[in-house]
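Understanding the architecture of this molecule
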Amino acid sequence: MAFAVRDAQVALEAYARYLHVPAETEIVHFPKSGNKVALFNLGGIEYQLCQSTDPNGRFASWIAERGAEGLHHICYEVDDIDAALEHAKSEGAELRLCKACNVKGSHAHPEGFVAFLDNDAGGIEIEFMQVYTPEQLDAWNKGGAAAV
């Protein structure tokens, strides 16, 4: 689950105080997508506290539109991203452009193949991810998206 926050450090401090998330959790800067992200697991769920580094960035814009921080998107792991996308499209879904990569539909990211729907569910963006096999992850680590 990814939460749009104004300040990842401040949000992480709250999770550390109230929910025992390690205070030393790293906040990673992703220059390509213009985000800072604190990533941790809590109750078997991966959480992302996402802060835009650009005032017009994806998460900052989302917060400005709604007037508050909150749950931005949920990433659903799928075994076959192409089949998941075909099913969603057959039910009327449309694909959203990944602004970091300028790609619509399934494409390589650091952890797996991802795609975003332009439709949401209850105001929450939907992302699909097909996690890399060990061989695909090795290829990514050696050469990025072009190698997968």
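Above this text sits the structure in question.
Remember, predicted model here, so these are calculated numbers, not experimental data. (Residues numbered from 1 in each chain as written. Predicted model: local features only at pLDDT ≥ 70, side-chain atom pairs only at ≥ 80, totals over all residues. Heavy atoms only, no water.)

Another aspect to go through is the overall build of the protein chain. Scanning the protein chain from terminus to terminus reveals four helices and 10 strands. Put simply, the protein chain runs from its N terminus to its C terminus through helices and strands in the order β-α-β-β-β-α-β-α-β-β-β-β-β-α. Across its three principal axes, the protein chain shows a C-alpha extent of roughly 40 × 35 × 30 Å. For the protein chain, restricting intrachain contacts to residue pairs at least 6 apart in sequence, the fraction spanning at least 24 positions comes to 46%. Accessible area of the protein chain: about 8700 Å², with a carbon and sulfur share of 52%. (Helix = DSSP H or I, 4+ residues; strand = E, 2+ residues; numbered from the N terminus. Contact = heavy atoms within 4.5 Å. Areas by Shrake-Rupley, 256 points an atom, 1.4 Å probe, with all protein chains shown as cover.)

To continue, consider the environment of Val5. For Val5, the location among the structural elements is in the loop between strand 1 (2-4) and helix 1 (8-19). C-alpha of Val5 to C-alpha of Ala68: the two residues are 63 residues apart in sequence and 8.5 Å apart in space. Dropping the residues within four chain positions of it, Val5 is found in contact with Ala11, Leu49, Cys50, Gln51, Ile63 and Glu69.

Throughout the structure, instances matching the rule amount to seven salt bridges. In this structure, Arg58 and Glu125 form a salt bridge, with 2.6 Å as the shortest nitrogen-oxygen distance. Residue Arg58 is found in helix 2 (residues 58-66), and its partner Glu125 is found in strand 10 (residues 124-131); the two are separated by 67 residues along the sequence. Given the relative accessible area of 28%, Arg58 is considered partly exposed. What makes Glu125 buried here is its relative accessible area of 6%. (Salt bridge = Lys/Arg side-chain N within 4 Å of Asp/Glu carboxyl O. Buried < 20%, exposed > 50% of the residue type's maximum accessible area, 1.4 Å probe, protein only.)

For a regular strand, the rule is simple: side chains alternate between the two faces of the sheet. As paired elements, strand 6 (residues 95-98) and strand 9 (residues 112-121) share two bridges and run antiparallel to each other. Looking across to strand 9, one finds that Arg96 is bridged to Phe116. In terms of strand pairing, strand 8 (residues 107-108) meets strand 9 through two bridges, oriented antiparallel. Within the sheet, the bridge partner assigned to Ala108 lies in strand 9 and is Phe113. Hairpin connection, strand 8 to strand 9: the antiparallel pair is bridged by three residues. Pairing of strand 9 with strand 10 involves seven bridges; the strand directions are antiparallel. (Pairing = 2+ DSSP bridges.)

So far we have only geometry, and geometry alone does not tell us how the molecule works.
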